[in-house]
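Chain by chain, the residues:
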Amino acid sequence: MLESYVTPLLMSYVDRYIKNLKPSDLQLSLWGGDVVLSKLDLKLDVLEQELKLPFTFLSGHIHELRIHVPWTKLGSEPVVITINTMECILKLKEGAQDDHESCGSSSTNRSTTESVKSLAKPRRIQQAAPTDPDLPPGYVQSLIRRVVNNVNIVVNNLILKYVEDDIVLSVNITSAECYTVDEFWDRAFMDISPSDLVLRKVINFSDCTICLDKRNASGKIEFYQDPLLYKCSFRTRLHFTYDNINSKIPSVIKIQALVETLKLSITDQQLPMFIHIMELGMALYYGEIGNQRGAEMEEHGTHAKETVVNMTGAEDETGLQVQHTSQYPHPDMYLQQGNDDEQGWVSWAWSYVPAIVSTGDEYDGEEYYEETEDGVQQRRQKSQTPKDPIISIGFYCTKASVTFKLTEMQTESSYYSPQKVKSKEILCLEQEGMTVEVLMMGEPFFDCQIGIVGCRALCLKGIMGVKDFEENTNRCEADAVFFQCGESLSSKGMTYLTNSLFDYRSPENNGVQAEFILEAALHKETYTEIAGIQRFGAFYMDYLYTMENTSGKVSGSQQEYSSISKEEEPPIVQEMSVKRLVVGPLDICFNSSAVHRILKIVACSLEHEYESYSKPNPDTVDDKRMLPSPEEVAALEEFIPTRLTCVTVLNITITIPMAEFNLLDCLLPVILGQKNFSSPVNAPAFQPLRPLPALRIQVDKVNLEHSVPMYADQLVNTVSSLSQPSDNLLHHCYAHCYLKIFGFQAGLTSLDSEGSFLPLTPLVPSFSTALYGKLLRLPIYWTKRTFVPITECIFELPNFTIQATRAQTLLLQAICQSWTHNMGNGASPGVNEALLNEVYKASGVKSQNPPPTLEGSIQNVELKYCSKSLVKCASGTVGSIKVCAKAPGSSEAVKEKLVPLIQGPSDTKELHMSKWLNESRKPESLLAPDLLAFTVQVPQPMEHCNNSV
């Protein structure tokens with residue numbers, strides 16, 4: 001009977017996680033075809049033990065569970081599991097900081113893998129029931145696989161709550177359904193076949209609502225805030241590719257979700273709680289909650305030195321673990337600390353992927369039956385170690401918006417009426433075409449790409465009593481937009497969905513197996529910054545982490561020796577982490593409306609008393625550290641893992657107009673922590689100022705590179721123990737930063753009554769500059785090494801020029817004073833119309849008496865700063881300097897007059913002649929001496945120095 005095979009499979013799941021079930025009653029109900037269970041309690045201890053989350057379950061209930069099994073049509077109709085009203089409440093586990101199973105532990109993968117295997121043992125025992133002689137084992141296996149692949153799961157009213165301190169985060173999903181589909185993504189009864197080793201599923205989420213509220217000391221919520229996310233629906237497509245018909249774990253897993261419209265809302269009271277939740281997620285990702293493991297490792301130093309990292313899935317049928325090490329001389333450095341990108345809850349989630357996609361009826365070393373071409377069943381033994389599947393996860397959003405709101409308390413007319421919270425929208429951030437794609441294969445390869453096609457930010461309604469964008473002001477939308485980047489979807493197209501399961505041109509939607517780039521070199525050549533900005537336009541980020549085995553492959557007679565000495569000589573692994581960020585052409589306008597809204601949001605985010613999740617341990621020097629061997633030093637010289645971050649911003653335009661109203665005297669003291677916020681008593685009556693003068697800054701390109709050692713603690717501990725470390729080892733003990741700015745220029749412009757800016761009147765012509773700095777990691781290890789610099793900075797400026805007329809200087813002063821001074825009621829002083837007319841001349845009209853211009857320039861500037869334990873030093877050189885007044889000629893006959901004020905270096909041989917004042921003088925040659933060279937040294941007091949200087 002089929003019941004003897006299918007029933008234990010279903011009962012194993014239900015009985016394991018639900019309390020107070022009678023297996024006999026459940027079995028009888030299953031044989032009848034329908035099971036209805038009400039008011040069920042989940043086994044919280046089993047969930048916590050198997051999930052190994054840093055959270056503990058306070059409660060877990062299922063209102064109703066329905067299981068429908070179509071026994072007569074089991075091969076053509078799906079089994080339907082329906083859950084009506086499921087609620088779980090979680091909180092952060094107490095003592096998670098020193099838990100051995102916390103996110104940063106290197107044994108996480110092994111423990112979770114063992115739990116997965118132990119989880120599957122009862123299912124294998126139950127499935128090993130005596131087989132029916134009328135049903136061949138191959139048929140039973142095929143039927144069970146067919147049933148499992150087509151199970152429909154429906155969840156109605158799913159409620160998840162997380163509580164911490166005064167924070168209550170709740171997620172409510174009205175309906176979620178998972179079912180199998182065909183190649184056109186339509187609901188169907190499908191199974192994998194030798195001709196089509198693909199399984200497709202769809203998960204639809206309807207009306208997802210996320211709320212974030214604050215509770216009082218008694219645990220009650222007094223005022224309910226607006227939901228963060230209200231009734232958002234999205235669909236998820238799952239695509240599994242198998243190597244053969246008997247594979248239990250897919251070789252390629254693709255899971256991607258699409259949201260048409262995503263509207264987030266955050267109030268001023270929710271903002272600190274939201275930031276605190278985000279910090280929790282980052283602390284879990286980087287393993288910073290487990291920071292107290294340092295003392296534990298010192299206590300168990302002998303066991304820690306024998307611990308090595310185990311790659312997920314690298315365990316064969318005999319139970320021998322394939323070990324690998326990093327490039328560190330000390331075995332302590334094998335441990336993945338909290339600053340490792342691939343440890344933490346990413347590794348925990350990865351270890352559960354095979355359990356999610358597997359049917360659970362077969363594991364390593366077990367027997368299975370394979371049907372040959374002539375129909376004969378042959379028993380096979382699975383002896384090969386399964387390789388890690390390729391997993392591709394994607395999230396796509398067509399349009400998204402984040403709205404910030406300010407709340408205020410309101411009381412009804414009656415005295416006994418309760419208070420209500422009213423919110424007002426002040427700022428909105430809109431995005432179009434957002435993509436988040438993750439590609440990974442075990443721990444050796446992880447890549448995350450994020451892209452945005454278009455993005456803009458605009459002001460909404462009034463701020464702090466100033467009605468600058470209320471309904472009755474009749475201001476256009478262009479005035480409200482203060483940030484704009486990228487393009488619109490109408491002009492860019494659907495490039496953000498390229499090669500996704502929602503793209504009809506993708507390989508999976510055309511019956512072709514997709515190809516993935518899993519090599520670091522080929523990945524960098526394919527996914528360049530130019531390719532990313534061409535696909536998206538506004539923002540592109542690529543984060544790549546690779547773990548490469550450099551020990552090489554062995555063949556022939558060396559394989560036996562390699563297998564014997566595998567534990568004695570583990571293979572060498574090289575790690576690399578590269579982050580590349582590119583921001584497309586962006587336009588920012590820091591007008592008074594935008595600045596005050598941004599500062600108000602910053603002030604609201606600082607109004608909290610939440611403690612940080614991760615507290616850095618004080619730097620201490622290990623006095624018992626061992627000297628590394630020459631072989632270990634040579635291995636460090638060959639490769640040291642680093643984290644590299646590259647940021648590129650293209651075509652930046654920043655406009656700072658005159659402040660139309662000024663409330664900085666109320667906001668800045670709050671941000672600086674000097675006083676609490678108090679609303680202005682008399683809000684100024686807002687009146688748009690047109691024309692509106694402004695200072696505009698334009699930059700062609702900004703490039704920032706930052707590199708830091710991946711395991712700074714272990715590296716510095718090792719290198720500082722050497723008597724004479726090489727320059728290469730010292731170089732990697734620093735955090736390096738390179739900043740390059742190309743095509744920087746600034747000038748004055750004005751916003752006219754039609755809403756467009758006038759052409760730029762240059763004050764600072766285009767120039768380029770560069771800045772380099774490095775900072776020593778853990779300087780406490782180098783206190784007795786006086787020759788090692790702690791900080792070093794180098795600034796280079798080839799040329800810099802600033803020029804302005806008297807009118808331009810006065811207008812620039814008026815713009816600055818509008819932000820630094822106010823009229824008492826927040827309003828800013830107006831601008832003299834005659835001054836504007838003198839600065840902004842009409843195009844094509846030449847003035848009869850052009851005003852003189854004061855110009856100053858400086859060339860070949862190089863400044864250096866170095867800080868050591870004994871002395872601080874600053875030095876620099878200046879090639880030349882020049883300050884002069886220019887009087888433009890009134891006509892072609894009258895040439896421009898130049899009156900030098902300061903100039904050097906200069907040849908003064910012809911100082912007595914009149915033509916000396918009227919000529920533009922330059923250095924005699926490029927080899928001319930610098931104008932100025934200086935060096936300043938300041939000694940530093942040292943505690944270990946007996947003799948003071």
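The following refers to the structure shown.

Each value, and the rule that gives it
- Residues numbered from 1 in each chain as written.
- Predicted model: local features only at pLDDT ≥ 70, side-chain atom pairs only at ≥ 80, totals over all residues.
- Heavy atoms only, no water.
- Helix = DSSP H or I, 4+ residues; strand = E, 2+ residues; numbered from the N terminus.
- Buried < 20%, exposed > 50% of the residue type's maximum accessible area, 1.4 Å probe, protein only.
- Contact = heavy atoms within 4.5 Å.
- Patch = residues over 30% accessible without salt bridge, like charges linked within 9 Å, V, L, I, M, F, W, Y side chains within 5 Å.
- Areas by Shrake-Rupley, 256 points an atom, 1.4 Å probe, with all protein chains shown as cover.
- Salt bridge = Lys/Arg side-chain N within 4 Å of Asp/Glu carboxyl O.
- Expected span 1.5 Å × (residues − 1).
- Arc of directions from axis to C-beta.
- Pairing = 2+ DSSP bridges.
- Axes fitted to C-alpha atoms, helices over the stretch in contact; angles between N-to-C directions.
- Parallel < 35°, antiparallel > 145°, perpendicular 65-115°, else oblique.
- Left-handed = near helix turned anticlockwise from the far one by under 90°.
- Nonpolar A, V, L, I, M, F, W, Y, C, P; charged D, E, K, R; others polar.
- Core = buried A, V, L, I, M, F, W, Y, C linked by side-chain atoms within 4.5 Å.
- Lys, Arg positive; Asp, Glu negative; His and termini not counted.
- Charge placed at Lys NZ, Arg CZ, Asp CG, Glu CD.

1. Some points on the overall build of the protein chain
So, point 1. What the protein chain contains, in helices and strands, is 22 helices and 28 strands.
So, point 2. Burial statistics for the protein chain: of 949 residues in total, 45% are counted as buried.
So, point 3. Taking contacts inside the protein chain between residues at least 6 apart in sequence as the whole, the part at least 24 apart equals 75%.

2. Observations regarding a nonpolar patch on the surface
So, point 1. Residues Leu854, Leu863, Ile881, Val899, Leu901, Ile902, Leu931, Leu932, Phe934, Val936 and Val938 make up a contiguous nonpolar surface patch of about 890 Å² in total accessible area.
So, point 2. Listing elements by their share of the nonpolar patch, those giving two or more residues are strand S25 (853-867), strand S27 (897-904) and strand S28 (932-939).
So, point 3. Structurally, Val936 is set in strand S28.
So, point 4. Residue Val936 is classed as partly exposed on the basis of its relative accessible area of 44%.

3. As for helix H21 (residues 806-820)
So, point 1. Relative to the 21 Å expected for 15 residues at 1.5 Å per residue, H21 spans 21 Å between its end C-alpha atoms, a close match to the ideal helical length.
So, point 2. Looking at H21, one finds that the buried residues are Ala807, Gln808, Leu811, Ile815, Ser818 and Trp819. Across the axial projection of H21, the buried residues extend over an arc of 120°, all falling on one side. Along H21, exposed side chains directed more than 90 degrees from the buried face belong to Arg806 and Thr820.

4. Some words on the pairing of strand S14 (residues 420-441)
So, point 1. Pairing analysis gives 14 bridges linking S14 to strand S15 (residues 445-459), with the strands arranged antiparallel. Paired with Leu429 across the bridge in S15 is Ala457.
So, point 2. Between S14 and S15, which pair antiparallel and follow one another directly, the connecting turn spans three residues, one of which, Gly442, has a positive phi of 65°.

5. A look at the packing of helix H6 (residues 270-286) against helix H16 (residues 592-605)
So, point 1. Contact geometry for H6 and H16: axes closest at 7 Å, N-to-C directions at 65°. Taken together, the axes of H6 and H16 are roughly perpendicular relative to one another. Our pair here, H6 against H16, has a crossing hand that is right-handed. Residues Leu271, Pro272 and Ile275 of H6 lie in contact with H16, whose contacting residues are Ile601, Cys604 and Ser605.
So, point 2. Each residue belonging to the contact of H6 with H16 can be placed in one class, and the counts come to five nonpolar, one polar and no charged.

6. Overview of the nonpolar core
So, point 1. Counting residues in hydrophobic clusters, the biggest one holds 81 residues, and the most contacted among them are Leu65 and Ile67.
So, point 2. The contacts of Ile67, once residues within four sequence positions are left out, are Leu10, Val14, Leu30, Gly33, Asp34, Val35, Val79, Val80 and Ile81.
So, point 3. Among the nonpolar cores identified, the runner-up in size contains 25 residues, and Ala400, Ile697, Ala746 and Val861 belong to it.

7. Thoughts on a positive patch on the surface
So, point 1. The grouping of Lys422, Lys424, Lys461 and Lys467 at the surface amounts to a positive patch.
So, point 2. In this structure, Lys461 sits in the loop between S15 and helix H11 (477-480).
So, point 3. A residue is classified by how much of its surface remains accessible, and Lys461, at 32% relative accessible area, is partly exposed.

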